[in-house]
Amino acid sequence: PEDSVTGSFASFIAAARPEHLSQTVRQRSKRMILDSIGVGLVGSTTRVFDIALRYCRMYSSVAVSSVYGKPGVKLSPTLAAFTNGVATHSMDFDDTWHPATHPSGAVLPALLAASQMLPPNTKPNGLDFLLAFNVGLEVQGRLMHFSTEAHDIPKRFHPPSVVGTLGSAAATAKLLSLSSAQCRHALGIAASLAGAPMANAATQAKPLHVGNATRLGLEAALLAARGMEANPLILDDIPGCSGFSAFYGVYQPKPLPAPGQHHEFLLEKQDIAFKRFPAHLGMHWVVDAALSVRNLFINYAGSFSPSLIRTIMLKIPVSKYINRPFPSSEHQARHSFQFNACAALLDGEVGLGSFSESSIQRQELRELLDKVVVEHPEDNVANFDKMYGEVDLLLHSGDVLTGKCDTFYGHWRKPLSKESLLKKFRSNASHVLPEEKIEAIITLVDNLEHLSDSSQL
């Protein structure tokens, strides 16, 4: 096992040290932590979060871990991780990586819960916390790179429910200082707890995927710490006996290099995409394209006048679960190219209020949706690193106006500025926290390496 792919991952988790994190990795991961907390806080105002919280409060247990947006409410560590994971993905507002997954939400809630779980004399400091978070990111990223299928917008399994569960297990195992053998078993246990089908996208069940990933990864690490064993070759490609390869049609695993001089964290090479509004990542291309063509239309006509538009042509990649002509719920709207393009055209922006029931059911929005026609150009592939969004307005006059977006603001190729990220965090957190606490969190995360007790988060 020590010479296997799985063994190399376990050795990496156990051997990683704070000095292995470059300044770039530290800064990028702290941005992710801050954004994820803000997204979790605003997510604690949603109905799906309330359902998850009521469910978890049915159980009497050792309540030591905090819940986003609920002062005074504590749950057992695993249920707190679950509830906070649900909050993080309740609006589809959380960060996205490539190959496609939501990396922070599957890891951060587990680490927050575990930090509060540990006895006072064994609390990890902020640097230990930051290291564990990055170990969880690295495991997710490396696993996704084992499959060409993972590079495209998913069709079968929702990625955070697969790689996120193992990322959570790895991060928690690191925070708990498990041995290499225990880390190997934690990954094996997590693999048996992973996976959720894409059919539940655009429903209230989708946030459960992230909630379960962070909770079950935490449970896997706790079980491994108590001596539970699993297949020590779970990440290897064993002919005739699927391990992690069960989740992917094409699977070519490679050993993970030891941390240190010859290893570069994936976060060093590629930044994360932060969302400006709460919807599936693919929506951000069509919204920016729609806003671009809207400006052209106003320059052309003097104002935005839908009556002048005959057809709205969307040129988007093929992806069935985000091609929704007439969404009827907030979760469907967050996963609809058509809705997001039309909302941007009509309002000149897309934000939290865009997905309310009253906004979705507006007659003027429905009239725009009636004008939408979709095309799938061959060069527009369902891949977050290669796709584009194009919105063409075909006017009754015969004129055609075009807006196109290859890289939206917030994509890893065009990252949000520090000012934009702080503005998003302050806006999200303000739904549940006063200003002084918001600023205290910003300061705490910014100085995470110097925090003596990470449970203060």
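- An unreviewed UniProt entry lists the protein chain under the name Cis-aconitate decarboxylase, with Sylvietta virens as the source organism.
- UniProt's Sequence similarities (unreviewed entry) comment on the protein chain is quoted here verbatim: "Belongs to the PrpD family."
- Word for word, the UniProt comment on the protein chain under Catalytic activity (unreviewed entry) is "cis-aconitate + H(+) = itaconate + CO2".

## Quick word on the pairing of strand E3 (residues 309-315)
Stage number 1. The buried fraction of E3 is high, at 5 of 7 residues.
Stage number 2. Where E3 meets strand E5 (residues 389-395), 6 bridges bridge the pair, whose relative direction is antiparallel. When the sheet's bridge partners are listed, Ile 312 is paired in E5 with Leu 393.
Stage number 3. Relative to strand E4 (residues 372-375), E3 runs parallel, the two being bridged by 4 bridges. Across the sheet, Leu 314 pairs through a bridge with Val 374, a residue of E4.

## Regarding the packing of aromatic side chains
Stage number 1. Counted by the stated rule, this structure contains 11 aromatic pairs.
Stage number 2. Following the ring pairs from residue to residue traces out a cluster consisting of Phe 9, Phe 146, Phe 157, Phe 244, Phe 247, Tyr 248 and Tyr 251.
Stage number 3. Positioned above the aromatic ring of Tyr 388 is the side chain of Lys 404, whose terminal nitrogen or guanidinium carbon lies 4.2 Å from the ring centre.
Stage number 4. Residue placement shows Lys 424 over the ring face of Phe 93; its charged tip is 4.3 Å from the ring centre.

## Details of the side chain of Ser 90
Stage number 1. Mapped onto the secondary structure, Ser 90 falls in the loop between helix H4 (77-89) and helix H5 (108-117).
Stage number 2. Under the relative-accessibility criterion, Ser 90 is labelled buried at 2%.
Stage number 3. A polar contact of 2.9 Å, which involves the side chain of Ser 90, links it to the backbone oxygen of Ala 87.
Stage number 4. Those residues within four positions of Ser 90 in sequence are excluded, and the remaining contacts are Gly 43, Thr 46, Val 48, Pro 207, His 331 and Arg 334.

## A few points about the sheet that holds E5
Stage number 1. The 4 strands lie next to each other as E4-E3-E5-E6, forming an open sheet whose pairing is mixed. Single-partner strands in this sheet number two, and they are E4 and strand E6 (400-405). With strand direction ignored, the average angle separating the axes of adjacent strands in the sheet is 20°.
Stage number 2. Across the face of the sheet, helix H11 (residues 283-301) comes into contact with E3, E5 and E6 while running at roughly 145° to E6.
Stage number 3. Here helix H13 (residues 337-347) sits on the sheet and contacts E3, E4 and E5; the angle it forms with E3, its principal contact strand, is near 130°.

How each quantity is defined
- In this convention, every chain numbers its residues from 1, walking through the sequence in written order.
- pLDDT decides what is reported in this predicted model: residues at 70 or higher carry local features, side-chain atom pairs at 80 or more are listed and counted, and totals for whole chains, interfaces and linings draw on all residues regardless.
- Excluding hydrogens and water, the side-chain figures rest on all heavy atoms present in the structure.
- UniProt positions are given in the numbering used here, feature names are shortened, and annotations may be inferred rather than shown by experiment.
- Throughout, exposure labels follow a simple rule: accessible area from a 1.4 Å probe, protein chains only, divided by the maximum for the residue type, with under 20% read as buried, over 50% as exposed, and the rest as partly exposed.
- Only DSSP runs of H or I with at least four residues qualify as helices, and only runs of E with at least two residues qualify as strands; both kinds are numbered from the N terminus onward.
- The pairing criterion for strands is at least two bridges between them, as found by DSSP.
- In summary, the pairing rule links any two rings of Phe, Tyr or Trp, Trp by its six-membered ring, whose centres are within 6.5 Å, and it sorts them by plane angle into stacked for under 30 degrees, edge-to-face for over 60 and tilted for everything else.
- Note on criteria: charge over ring means Lys NZ or Arg CZ within 6 Å of the ring centre, with the direction from the centre no more than 35 degrees off the ring normal.
- Contacts described as polar in this section are N or O atom pairs within 3.5 Å, which, within protein, must combine one atom able to donate a hydrogen with one able to accept it, while residues neighboring in sequence count only if both atoms come from side chains.
- The contact rule is simple, with two residues in contact once any of their heavy atoms fall within 4.5 Å.
- Each axis is a line fitted through C-alpha atoms, and for a helix only the stretch in contact is used; angles between axes span 0 to 180 degrees, taken between their N-to-C directions.

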